[in-house]
Amino acid sequence: MTHYDLAIIGTGSGNSLITRRWADRKVVLVDRGAFGGTCLNRGCIPTKMYVYPADLAAASGDAARLGVDLSLEGVRWQDVRDRIFTRIDANSADARSYRADQPEYVTLIEDDVHLVGEKSFQTSSGEVISADQLVIATGSHAIRPDIPGIDLPQVHTSDTIMRLPDRPRRLLIKGGGYIAAEFAHIFGSFGTEVTITVRSGTMLRHLDETVSTVFTEQAAQQWDVRLRTAVTGLTANDDGSVTARLEGPDGQSDLEVDLVLVAVGRAPNTDGLGVEEVGFDLHPDRRLAVDEYQRVLRAGEPVEGVWSLGDVSSAHQLKHVANHEARTVAHNLLHPDELRASDHRFVPAAVFSHPQVAAVGLTEEQALAYAETSGVPVVTAVQQYGATAYGWAMEDTTGFVKLIAEQPTGRILGAHIVGHEASLLIQPILQAMSFDLDAYSMARGQYWIHPALTEVVENALLKLRTNRELLHP
Ligand SMILES: Cc1cc2nc3c(=O)[nH]c(=O)nc-3n(C[C@H](O)[C@H](O)[C@H](O)COP(=O)(O)OP(=O)(O)OC[C@H]3O[C@@H](n4cnc5c(N)ncnc54)[C@H](O)[C@@H]3O)c2cc1C
Ligand SMILES: NC(=O)c1ccc[n+]([C@@H]2O[C@H](COP(=O)([O-])OP(=O)(O)OC[C@H]3O[C@@H](n4cnc5c(N)ncnc54)[C@H](O)[C@@H]3O)[C@@H](O)[C@H]2O)c1
């Protein structure tokens, strides 16, 4: 058995824990997959590197209403793919070499491991490692639902679809969440016929109802969206295509496609890790349970020196959350007597689709429930992009900013944006929420550049104020 000061399982956000502060100690970093984890190799970064060219391709369709006739001559899939993965693979290889070249204090083990004690684990080749402190940062994996034909080679998850040799002519996407929305945009803008099957009545159904309703309407104008529809089986055809058996409101039907993307959520990587065997607590969705300091729990109590962060233990499967939690763990590993808590109060998210969506805080439904239990009235305001000067320039008819605040104080509880650069527009609202700036002061306490698109945020804030004054003259 080899003993270390610190052992980290997972090179996603886990890799960022190793700073020079550890240079005089012994650290072991373990990963069974590509160095850098999901975000770098098969998640946020390559998807957004596809989304940007998809936005350019989609612009050809969006420009006509402005009197600009663009035509899309074509998309060179292999060139797009190779530009992305030449950069990604080099980045992953460089990050790996950087760690592998620090043998004086970091040992890199590229193997699958499972726990054999609360702070010890075994590699698949039999090596046993123990450590004073252990960080579990093993991420999550795409769920493959149990339907006939799910193992056909034409069935992909987000792990594999970005490296396809060719772009499919017809793609079926099962699921209506983030990954479905982003890949529908990517493939649809590039010219693939996209069909999406969604179990419920809307896409992005976990978001604010106005958002999911508007997004679903716009999705249906671009892709063949089949709501309340299940895929009950997949069969390979002789010509390489796949027939999907669908069950929807009109009964059963068959759909022939070239490829299938399964996007029905991701599950934490706790299976096979041995966490139950050593008694660590799991949530019902099999996430590792941690306290606010990111300490792993056993029977509800923190296990000394055992930490977790990111998708394996977080309620939010988002890279900025994994990074935030990594900063908490980085501090706490070195300052056991001054523990710092993670701040999950205002976690934003964006869906990089067409249109873009961004959200932070409570949905309207949640805010109304909060008003009922707290007795604090809430006020909402919806401002259309099209009612601002930049919205006129864009001839925008669908984008909007929806804000929800406590009525007496103007404390912002939630923000929901659909439309051009929603992911950028939400940031000042998030800043106000994080630094306790109320909506009323935010609206008039600063200049807003005219006629920038940010005026839609300014106007939404002003509307909250007007609505407040209407309620309380
Ligand atoms: C297609 C896609 C797009 C996304 N886009 C965004 C986005 O735009 N914005 C955003 O915020 N988030 C996005 N995400 C989510 C984001 O990628 C994750 O939240 C983030 O990468 C999680 O980081 P992590 O460090 O927890 O785990 P990971 O980065 O997954 O790292 C975990 C590592 O642990 C290793 N590992 C697991 N089990 C073992 C074991 N037993 N032994 C050894 N090694 C093990 C794995 O190989 C992996 O490398 C996206 C995800 C996907 C799939
Ligand atoms: N831009 C981003 O930040 C970004 C992009 C991609 C992924 N992600 C992260 O990755 C996670 C996983 O993405 P995702 O799209 O797979 O998950 P998701 O949770 O966003 O959506 C999954 C969808 O599949 C549906 N579903 C679940 N089980 C099903 C079943 N058996 N049959 C049919 N439908 C089913 C759900 O109702 C939901 O609509 C996201 O939750 C997100 O946290 C983030």
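None of the values given here were measured: they were computed from a predicted structure. (Residues numbered from 1 in each chain as written. Chains lettered and ligands numbered in written order. Predicted model: local features only at pLDDT ≥ 70, side-chain atom pairs only at ≥ 80, totals over all residues.)

J.: Teacher, can you tell me more about the nonpolar core here?
T.: In a soluble, globular protein the nonpolar side chains are often hidden away together inside. In this structure, Ile-173, Phe-183, Ala-184, Val-260, Val-357 and Leu-403 are the most contacted members of the largest nonpolar core, which totals 84 residues. A per-element tally of this core places helix H5 (residues 178-190) first, with 9 residues. With residues near it in sequence (within four places) discarded, Phe-183 still touches Ile-161, Ile-173, Leu-261 and Ala-263. Among the nonpolar cores identified, the runner-up in size contains 39 residues, and Ala-7, Val-28, Ala-131 and Ala-330 belong to it. (Core = buried A, V, L, I, M, F, W, Y, C linked by C-beta atoms within 7 Å. Buried ≥ 20, exposed ≤ 12 C-beta atoms within 10 Å, placed from the backbone. Helix = DSSP H or I, 4+ residues; strand = E, 2+ residues; numbered from the N terminus. Contact = placed C-beta atoms within 7 Å.)

J.: Help me understand the UniProt feature "domain: Pyridine nucleotide-disulphide oxidoreductase dimerisation" (unreviewed entry) in the protein chain, please; the structure alone is not making it clear to me.
T.: Per the UniProt entry, the sites bearing "domain: Pyridine nucleotide-disulphide oxidoreductase dimerisation" (unreviewed entry) are residues 347-460 in this numbering. Helix makes up 36% of residues 347-460 and strand 25%, and the two end C-alpha atoms of the span are 21 Å apart. (UniProt positions renumbered as here; feature names shortened; annotations may be inferred.)

J.: What am I meant to see in the confidence of the model for the protein chain here?
T.: Where the model shows low pLDDT, its predicted coordinates should not be examined in detail. Averaged over every residue, the pLDDT of the protein chain is 97; the share at 70 or more is 99%. Here helix H13 (residues 455-471) is the element of the protein chain with the lowest mean pLDDT, 87, and strand E9 (residues 170-174) is the one with the highest, 99. Interface confidence in the predicted complex, given as ipTM, is 0.98; pTM for the same model is 0.98. (pLDDT = per-residue confidence, 0-100.)

J.: Mind showing me how you'd approach the environment of Asp-82 here?
T.: Position of Asp-82 among the secondary structure elements: in helix H3 (residues 77-100). For the pair Asp-82 and Tyr-447, spaced 365 residues apart in sequence, the C-alpha separation works out to 44 Å.

J.: Honestly, the site of ligand 2 in this entry has me stumped. Any pointers?
T.: Residues in contact with ligand 2 amount to 22 residues; listed here are only the nearest, Gly-175, Gly-177, Ile-179, Val-264 and Gln-317. Contributions of two or more residues to the shell around ligand 2 are made by H5 and strand E19 (349-351). The biggest single contributor to the shell around ligand 2 is H5, with 4 residues. For the shell around ligand 2, the class distribution of residues is 11 nonpolar, 6 polar and 5 charged. (Near = placed C-beta within 6 Å. Nonpolar A, V, L, I, M, F, W, Y, C, P; charged D, E, K, R; others polar.)

J.: What should I look at first to understand the pairing of strand E12 (residues 230-236) in this one?
T.: Two faces make up the sheet, and in a regular strand the side chains alternate between them. Strand direction decides the pairing type here: E12 and strand E13 (residues 242-248), joined by 6 bridges, are antiparallel. Paired with Gly-233 across the strands is Arg-245, a residue of E13. If you look at the hairpin formed by E12 and E13, you'll find 5 residues sitting between the two strands, and Gly-240 has a positive phi there, around 95°. (Pairing = 2+ DSSP bridges.)

J.: Is there a simple way to think about the sheet that holds strand E22 (residues 400-406) in this case?
T.: With respect to topology, 5 strands assemble into an open sheet ordered E19-E20-E23-E22-E21, the strand pairing being antiparallel. Sheet topology places E19 and strand E21 (378-384) at the edges, where each strand pairs with a single neighbour. Each adjacent strand pair in this sheet contributes to an overall mean axis angle of 10°, direction not counted. Where E21 lies against E22, 7 bridges are found, and the strand directions are antiparallel. (Axes fitted to C-alpha atoms, helices over the stretch in contact; angles between N-to-C directions.)

J.: Is there a simple way to think about the UniProt feature "binding site: NAD(+)" (unreviewed entry) in the protein chain in this case?
T.: Those places that UniProt annotates as "binding site: NAD(+)" (unreviewed entry) correspond, in this numbering, to Gly-175, Gly-176, Gly-177, Tyr-178, Ile-179, Ala-180, Ala-181, Glu-182 and Gly-265. These residues run over 91 residues, yet every pair of their C-alpha atoms falls within 13.5 Å of each other. Assignment of secondary structure puts Gly-177 in the loop between E9 and H5. Apart from residues no more than four positions distant in its own chain, Gly-177 is found in contact with Leu-204, Ala-263 and Gly-265. On the secondary structure map, Ile-179 appears in helix H5.

J.: Would you take a moment to explain the environment of Ile-161 for this structure?
T.: Secondary-structure assignment places Ile-161 in helix H4 (residues 158-161). Distance in space between the C-alpha atoms of Ile-161 and Leu-261 is 7.4 Å, their sequence separation being 100 residues. Those residues in contact with Ile-161 that lie beyond four places of it in its chain are His-156, Phe-183 and Leu-261.

J.: I would appreciate a short explanation of the site of ligand 1 in the present structure.
T.: Close to ligand 1 lie 34 residues, the nearest being Gly-12, Gly-33, Gly-37, Gly-139 and Gly-310. Elements supplying a minimum of two residues to the shell around ligand 1: helix H1 (37-42), helix H2 (44-62) and helix H7 (319-334). The residue inventory of the shell around ligand 1, partitioned by class, reads 11 nonpolar, 17 polar and 6 charged.

J.: Please clarify how unusual backbone geometry should be interpreted in this entry.
T.: Trans is the prevailing form of peptide bonds, just as negative phi is the prevailing case for residues other than glycine. Of the consecutive residues His-354 and Pro-355, the connecting peptide bond is found in the cis state with omega at 10°. Checked against the element boundaries, Pro-355 lands in the loop between E19 and strand E20 (357-361). Of the consecutive residues His-450 and Pro-451, the connecting peptide bond is found in the cis state with omega at -5°. As for its placement among the helices and strands, Pro-451 is situated in the loop between helix H12 (439-444) and H13. Even without being glycine, Ala-299 reaches a positive phi, approximately 50°. With respect to the helices and strands, Ala-299 occurs in the loop between strand E17 (295-298) and strand E18 (301-308). On the basis of neighbour counts, which here come to 8 C-beta atoms within 10 Å, the residue Ala-299 falls in the exposed class. In this structure, Glu-421 takes a positive phi of about 50° despite not being glycine.

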